[in-house]
Amino acid sequence: MSDHGSYTDMELDPNAALNAVDLTIVIPCKNEGRHIVATLNTIVAAMAEIEPSCEILVMDDGSTDNTAALVEQYQRENPEVPLRLHRNPKNLGLSTTYVDGAFIGRGRYYRFVSGDDAEPKEALVTIFKMIGKADMIIPYHEQLTGKSVPRLAVSRLYTFLVNLFSGYSIRYYNGSAVHLRYNVLRWHSYAYGFGFQADFITRLLDLGASYVEVPVKARHTEKARGASPFHIRNVVSTGHTLMEILRRRINRWLFAA
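Scoring rules and cut-offs
Residues numbered from 1 in each chain as written. Predicted model: local features only at pLDDT ≥ 70, side-chain atom pairs only at ≥ 80, totals over all residues. Heavy atoms only, no water. Helix = DSSP H or I, 4+ residues; strand = E, 2+ residues; numbered from the N terminus. Buried < 20%, exposed > 50% of the residue type's maximum accessible area, 1.4 Å probe, protein only. Contact = heavy atoms within 4.5 Å. Areas by Shrake-Rupley, 256 points an atom, 1.4 Å probe, with all protein chains shown as cover.

(A) Structural detail: the overall build of the protein. Along its length, the protein carries eight helices and eight strands. Burial analysis of the protein (257 residues in total) assigns 50% to the buried set. A sequence separation of at least 24 residues applies to 81% of the contacts in the protein between residues at least 6 apart. When the accessible surface of the protein is summed, it comes to about 12500 Å², and 57% of that surface belongs to carbon and sulfur atoms.

(B) Main features of helix α4 (residues 121-128). Of all the residues in α4, the buried ones are A123, L124, V125, I127 and F128. If you follow the buried residues of α4, they end up packed against β2 (21-29), α1 (36-47), β5 (107-112), β6 (136-145), β7 (178-180) and β8 (211-219).

(C) Structural detail: unusual backbone geometry. For D117, which is not glycine, the phi dihedral falls at a positive 55 degrees. A relative accessible area of 15% places D117 in the buried class. With a phi angle near 65 degrees, S176 is a residue other than glycine that sits in the positive phi range. Structurally, the position occupied by S176 is in the loop between α5 (149-166) and β7. Judged by relative accessible area, which is 5%, S176 ranks as buried.

Here it is as structure tokens:
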């Protein structure tokens, strides 16, 4: 576990009065009917073991299966769970849905959980218990099951390139960090696809954000074809993100005070 930097300016949240709970847990999902109930059960179990107050916000991103219906059923059967459902009018993509959720959420902190139930309760508890320790709580995988060797190699290459282009040394960028929700509203990434998390984290690091890295155990689940990192759309998007990260580093060098 690492602790770096100080970011006192961002602690002055102008929207503090609107933060009704400590943490908004957003679940962007598309066609996760097979997993959404298990995901909700895992989150609720984790919430029972932590002190911060929480809300769950499911962002249905244009699902064509029964994802939304299952969430509504869960609401009826578990009225004590602070669970809300928002339906996008069409598929907007992960990055846009993630940011839109921050405008709907009411938490001081903000964290997205995948709808495929890939994170065990223990991992969520470990991450959530670190809330308040820094501006960003960045998890990394000390153990990841179910991911193929080629995908592991691509993931490590991606992390290496982001660190090379940004000048930082983060262990993992796609582990879904906990952020101050205000930072998501103010500094959110305009990247698409898999690259938005690295773009956002490095942008906040450029601004002096503090962070803590937390080791967790997780399991990989296979995505639909369009969500694969090898899909041409995601390859182009990742390349664009890397160039944007490099551009910001060059700007820091050129215009440093």
